[in-house]
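An overview of the molecular structure
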Amino acid sequence: MTESGASAAEPIVVCLPEYPGVEHIGDLPDNVEVVWVAEEADPSTLPDPATIDFIVPLQAMRPPIRATLDSVSTGRLKVIQTLSAGVDWLVGHVPPHITVCNAKGAFDAPLAEWVVGAILAMERGLIQSRDLEITRDWTPFEPTEVAGRRVVILGHGSIGSAIAARLKAFDADVIGVARTARPDDGVLGLDSLDELLPTAQVLVNMLPLSSETTGLLDERRLALLPDDALVVNGGRGRTIDAVALLRELDLGRLRAVLDVTDPEPLPPESPLWSIPNVLISPHIAGDSAPATVRTFKIAGDQIRRFAAGEELQNQVPRYLLE
C-alpha cells in the first residue's frame, strides 16, 4: 500500500502539466495543492522533487526528471504517474522509495485496432494494392486470409488481451505469451517461445522494454520464424535486434509492420524506408484523443487515491525499472 507520506496538516503537492486534456483529471481534494508546469517548460522551472509528493510528467519533462532522480536517494517525491503505458525512460533511474504507476488500460483500444489493421492491411493485400495504385498497375494477385492464421502475441498484458479478443473475431488462431505462464487464461510463458516461433505466421510483439526484454527477439529467434512470417511491432524497438531484423527483411524472408524502431525516430537514411515488404508508422499506434482523456482520468483517480492514503493502481513492478 502506498500512502501519501504527508501529515494531515500538510497539503499534498502535485505537479501537473498545462496540457490539453488535463481538465479530465477532475476535481481534487482540498488537501491537494497543484503546481502547474508549462508543456514546453524550461528544465530549470521544474519543481524540486524535495517540494512535491506526486508528479504527472509529459514527454518533454522526462529528461530533466530523469536527471534529477539520478541525484535523489531520499526525499518528498513519492509517486511518478506516467501518461503512457511504457516506462522505459525511467529504467535505472528510480530510487526505491518512489513508486511508478503507468496508464495501463488507456491505450488498449487504439493499440489493438492498430495491430488488427496492420495485420489486415498486410495479409489481405491492401499495402500491395496501394503500391500498385501508385504506379497505376492493374495486376490481380491472391492475398491470404487472417482466418486460420497462427498469431503469436508476445507480451500478453491488457493490450495483448485486447488484441487477442479482436483477432479471435476474425477466426485467427491466437496464442498469448507472457513473462510467466497463466494456465487459467491459456497464456504460455516465455519458456515456450522458441517452440512457438516456427509455427507463428504472424508474430505480434508488445513487450515492454527492460533489461530482460532488450534484444529478446535476436538473430536466432528471428531465424526460427517461418518464411514469409509477418512481424508486427507495437511494443518497443529495442526488444528486436535491429540488424538481424533488417537482414531478414532485406532478404524478403520476413515481412514487418513497425510502429516502433531502433533507433527512434527512424533516420531518413535507414534502409527500412525502402524495403517493399515493410510498413512503418511513426510511433502513433496507441494515440487517440479518447486515449488522452483516459490517461488524465487515470491520473486524477490516482491523485485522489494518494490523497486518501489508499493503494495506488497500475504500480509498475520493480523488475521493469531496473
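These lines cover the structure that appears in this document, whether it is placed above or below. (Residues numbered from 1 in each chain as written. Predicted model: local features only at pLDDT ≥ 70, side-chain atom pairs only at ≥ 80, totals over all residues. Heavy atoms only, no water.)

Points about the environment of Pro143
Put simply, the rule reads: Secondary structure elements follow DSSP: runs of H or I of four or more residues count as helices, runs of E of two or more count as strands, with numbering from the N terminus. In this analysis, two residues are considered to be in contact whenever any of their non-hydrogen atoms come within 4.5 Å of each other.
Locating Pro143 in the fold gives a position in the loop between α3 (126-134) and β6 (150-154). For the pair Pro143 and Leu126, spaced 17 residues apart in the sequence, the C-alpha separation amounts to 9.0 Å. For Pro143, the residues in contact, after removing those within four places along its chain, are Glu123, Arg124 and Gly125.

A look at the pairing of strand β1 (residues 12-18)
On a regular strand, one side chain projects to one face of the sheet and the next to the other, so that they alternate. Condition: Exposure classes here rest on a 1.4 Å probe applied to the protein chains alone. A residue is buried below 20% of its type maximum, exposed above 50%, and partly exposed in between. One bridge is not enough; two strands pair if DSSP finds at least two bridges between them.
Where burial is concerned, most of β1 is hidden: six out of the seven residues are buried. Here two bridges tie β1 to strand β3 (residues 54-55), and the two strands are oriented parallel to one another. Across the sheet, the residue bridging to Cys15 is Ile55, located in β3.

Some details on the pattern of salt bridges
Note the threshold: Salt bridges are counted wherever a side-chain nitrogen of Lys or Arg sits within 4 Å of a carboxyl oxygen of Asp or Glu.
With the rule as written, the count across this model stands at 15 salt bridges. Notably, a salt bridge pairs Arg76 with Asp53, separated by 2.9 Å at the nearest N-O pair. Of this pair, Arg76 sits in the loop between α1 (62-69) and β4 (79-81) while Asp53 is found in the loop between β2 (32-38) and β3, placing the two residues 23 residues apart along the sequence. Arg247 is the salt-bridge partner of Glu219, the closest N and O atoms lying 3.6 Å from each other.

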